[in-house]
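Chain by chain, the residues run as shown.
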Amino acid sequence: MEKGTEVAKIFAGFSKLHRADRLARLLEIGALTSADVAFLNSGGLENADLAEKFIENVIGYFQIPLGVATNFRIDGTDYVIPMAVEETSIVAAASKTAKWIRETGEIKTESLGNLIIGQIQLANVRSFGLVREKIISHKKQLINQANAIVASGLVRRGGGVQDLVVRQVPRGDGNDMAVIHVLADPCDSMGANTINQVCEFLKKPIEDLTDEKVSLCILSNLVDTRLTRVTIIIRNINPELGHRIEEASLFALRDPYRAATNNKGVLNGIDAVLVATGNDWRAVEAGVHAYAARSGQYRSITEWKMQGCDLIGILEAPVVVATAGGVTQAHPTAKMCLEMIGLKKSMDLSRVIAAVGLVQNLGALRALTTEGIIEGHMKLHIKNLIIHAGATDYEAPILQGKLEEILALTKRITLSTVIEVLNEIRGIKEDLEDLIEPLNPLKKSKNQ
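Residues numbered from 1 in each chain as written. Predicted model: local features only at pLDDT ≥ 70, side-chain atom pairs only at ≥ 80, totals over all residues. Heavy atoms only, no water.

Novice: Please set out the overall build of the protein residue by residue, giving values where relevant.
Specialist: When you go through the protein residue by residue, the secondary structure sums to 19 helices and 10 strands. Residue pairs at least 24 apart in sequence account for 73% of intrachain contacts in the protein once pairs closer than 6 positions are excluded. Accessible surface, the protein: about 23,100 Å² in total, of which carbon and sulfur atoms supply 53%. Both charge centroids of the protein, one from 50 positive and one from 53 negative side chains, sit 3 Å from each other. (Helix = DSSP H or I, 4+ residues; strand = E, 2+ residues; numbered from the N terminus. Contact = heavy atoms within 4.5 Å. Areas by Shrake-Rupley, 256 points an atom, 1.4 Å probe, with all protein chains shown as cover. Lys, Arg positive; Asp, Glu negative; His and termini not counted. Charge placed at Lys NZ, Arg CZ, Asp CG, Glu CD.)

As structure tokens, this is what we get:
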């Protein structure tokens with residue numbers, strides 16, 4: 001949705017609105033329809049019939065909060081970002097950081113390649129060179145057979161198998177594996193089922209050609225042939241803050257222990273959108289982590305550097321998603337979330353989701369290098385602790401205020417602290433009731 005300042009005004013104070021008002025604003029800008037609002041107000045799916053079609057041994061649903069991140073402008077277009085996540089502060093941090101970028105910089109994205117990978121393994125070949133020669137010399141014939149018989153649906157939509165690549169993988173015992181990569185354009189589906197079927201179909205022709213035994217046929221989630229790159233620019237950043245973020249980024253690039261947590265923060269944003277849109281977040285996570293270790297050491301998938309007065313951040317990773325097929329269209333909430341983003345092409349969705357990941361990373365690094373991660377996270381986490389402590393609706397806002405004061409002083413809040421303060425509030429309340437009760441005329445009349 002390209003609304004510019006109008007969207008910015010609609011999202012002003014969005015987090016402080018009641019849920020009904022948030023839905024009304026999303027309805028106003030066309031991110032939701034009246035049917036969507038009715039669906040959300042009803043609590044979503046009301047029975048487990050659909051779940052029976054997705055998995056086995058169904059007993060019900062596990063519900064995850066669904067929110068929207070605001071203020072996102074990506075490649076000059078405004079987006080409402082649906083995020084399904086249970087962790088406190090993720091949606092708030094994404095929205096806050098997106099607003100900062102919107103006011104002082106920009107988010108640019110690009111796609112690098114469009115092919116997914118299937119693997120056909122010949123586990124122990126007598127001659128890798130001979131296998132490679134046979135496959136390469138018959139490559140066109142194998143591709144045409146696969147496209148005509150298995151991937152014809154993709155071919156009709158402009159995709160299908162595009163290439164075969166033969167890789168030599170040492171076994172470690174002096175012999176070699178031959179691994180054939182089947183490269184295919186899945187169009188707007190994730191393509192997992194189709195690429196697996198293609199690999200299985202090619203098994204016999206390859207065995208006949210090479211006189212070798214095929215061991216495994218399976219897709220790969222390390223899709224380095226279908227990368228997404230995101231660049232964020234913060235112009236005229238405070239130099240001290242910019243250099244702190246640059247140093248934090250260097251730490252994640254050099255140290256795998258820090259890189260693991262850095263990348264988890266990136267995936268906080270990516271996963272939440274994947275879940276909301278019905279995409280396979282486990283496959284994307286596997287691909288991202290494998291890509292992060294491609295040099296032989298696990299590293300950050302993001303990098304931040306100062307260039308003059310500007311802070312420049314880059315994320316590059318495989319974020320393979322779908323806008324068609326699977327749960328994306330079969331589950332009404334996933335379908336609604338896809339329509340909220342408003343993208344039909346899977347490559348476009350990949351770019352937006354990756355952008356959310358880099359924005360999330362910037363928000364975390366900014367927090368870490370300024371007030372620290374605890375204060376902002378704990379301020380929002382207080383609400384969860386208040387629920388655990390069993391505070392009533394009347395007690396919750398009073399308790400929240402007192403706990404925020406304690407947090408500002410001590411930088412630390414535990415459940416025991418919350419319970420202690422709640423008991424103090426309840427003690428004060430009981431004392432007041434004891435004082436007021438004798439003065440209550442209704443009480444007096446009953447006692448008389």
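After that view of the structure, there is still more to cover.
Novice: Which residues make up the side chain of Gln-360, and what values do they have?
Specialist: The topology assignment puts Gln-360 in helix α15 (residues 346–368). With relative accessibility at 6%, the residue Gln-360 sits in the buried group. Dropping the residues within four chain positions of it, Gln-360 is found in contact with Met-83, Ile-90, Ala-93, Ala-94, Gly-265, Asn-268 and Gly-269. (Buried < 20%, exposed > 50% of the residue type's maximum accessible area, 1.4 Å probe, protein only.)

Novice: Before we move on, could you go through the pattern of salt bridges and cite the residues and values that matter?
Specialist: With the rule as written, the count across this model stands at 19 salt bridges. Across the pair Lys-264 and Glu-87 runs a salt bridge, and its minimum N-O distance is 3.0 Å. Here Lys-264, found in helix α11 (residues 256–276), pairs with Glu-87, found in the loop between β2 (77–84) and α5 (90–104); they are 177 residues apart in sequence, far enough to count as distant. We classify Lys-264 as partly exposed; its relative accessible area is 40%. On the accessibility criterion, Glu-87 (30% relative accessible area) is partly exposed. In this structure, the salt-bridge partner of Lys-204 is Asp-208, at a minimum N-O distance of 2.9 Å. Highlighted residues: Lys-204 and Asp-208, both in helix α9 (residues 192–210), separated by 4 residues, approximately one helical turn. Summarising the burial analysis for this pair, Lys-204 and Asp-208 share the class exposed. Sharing partners across several salt bridges, the network here consists of Arg-73, Asp-78 and Arg-102. (Salt bridge = Lys/Arg side-chain N within 4 Å of Asp/Glu carboxyl O.)

Novice: Explain the environment of Asn-423 to me, and be specific about the residues and the numbers.
Specialist: By the secondary structure assignment, Asn-423 is in helix α18 (residues 415–436). When its relative accessible area of 45% is taken as the criterion, Asn-423 is described as partly exposed. Considered as a pair, Asn-423 and Ala-391 are 32 residues apart in the sequence and their alpha carbons are 9.7 Å apart.

Novice: Which residues make up empty space enclosed by the protein, and what values go with them?
Specialist: Tallied over the entire structure, the rule returns 3 cavities of 30 Å³ or more. Roughly 110 Å³ of internal volume is contained in the largest cavity. Put simply, the parts of the chain that give the lining of the largest cavity at least two residues each are β4 (116–125), α9, β7 (216–220) and α12 (281–292). Considering each element in turn, the lining of the largest cavity owes the most residues, 3 residues, to α12. Here the lining of the largest cavity is composed, by residue class, of 11 nonpolar, 3 polar and no charged. Considering only enclosed or pocket space, the second largest cavity measures out at about 40 Å³ in volume. Surrounding the second largest cavity, Ser-111, Arg-226, Leu-227, Thr-228, Val-319, Val-320, Met-347 and Ser-350 form its lining. Looking at the lining of the second largest cavity, the elements with two or more residues in it are β8 (227–234) and α15. The residue inventory of the lining of the second largest cavity, partitioned by class, reads 4 nonpolar, 3 polar and 1 charged. (1 Å grid on protein atoms, 1.4 Å probe; cavity = no way out; pocket = protein on both sides within 12 Å on 5 of 7 lines; lining within 4 Å. Points joined across faces, edges and corners; volume = space filled by probe spheres on them. Nonpolar A, V, L, I, M, F, W, Y, C, P; charged D, E, K, R; others polar.)

Novice: So what's going on with the sheet that holds β4? Residues and values would help.
Specialist: Ordered in space as β5-β6-β4-β7, the 4 strands form an open sheet in which the pairing is antiparallel. If you trace the sheet from one side to the other, it starts and ends with β5 (160–170) and β7, each paired once. Averaged over all neighbouring strand pairs, the angle between strand axes comes to 25 degrees, with direction disregarded. Across 10 bridges, the pairing between β5 and strand β6 (residues 176–185) is antiparallel. The residue of β6 that forms the bridge with Pro-170 is Asp-176. Lying over the sheet, α9 contacts β4, β5, β6 and β7, oriented at roughly 35 degrees with respect to β4. (Pairing = 2+ DSSP bridges. Axes fitted to C-alpha atoms, helices over the stretch in contact; angles between N-to-C directions.)

Novice: Hey, could you go over the nonpolar core for me, with residue numbers and the actual values?
Specialist: Core analysis: the largest hydrophobic core is formed by 52 residues, its most contacted members being Phe-72, Ile-81, Met-83, Ile-107, Ile-232 and Leu-362. With 10 residues, α15 is the largest single contributor of residues to this core. Not counting chain neighbours up to four residues away, the residues in contact with Ile-232 comprise Ile-101, Glu-106, Ile-107, Trp-304, Leu-311, Ile-312, Gly-313, Leu-358, Val-359 and Leu-362. Within the second largest apolar cluster, 30 residues are counted, among which are Ala-151, Val-182, Ala-283 and Val-320. (Core = buried A, V, L, I, M, F, W, Y, C linked by side-chain atoms within 4.5 Å.)

Novice: With reference to specific residues and values, describe the environment of Ile-419.
Specialist: Its place among the elements puts Ile-419 in helix α18. A residue is classified by how much of its surface remains accessible, and Ile-419, at 36% relative accessible area, is partly exposed. Once the C-alpha coordinates of Ile-419 and Ile-386 are considered, the two residues, 33 residues apart in sequence, prove to be 8.2 Å apart.

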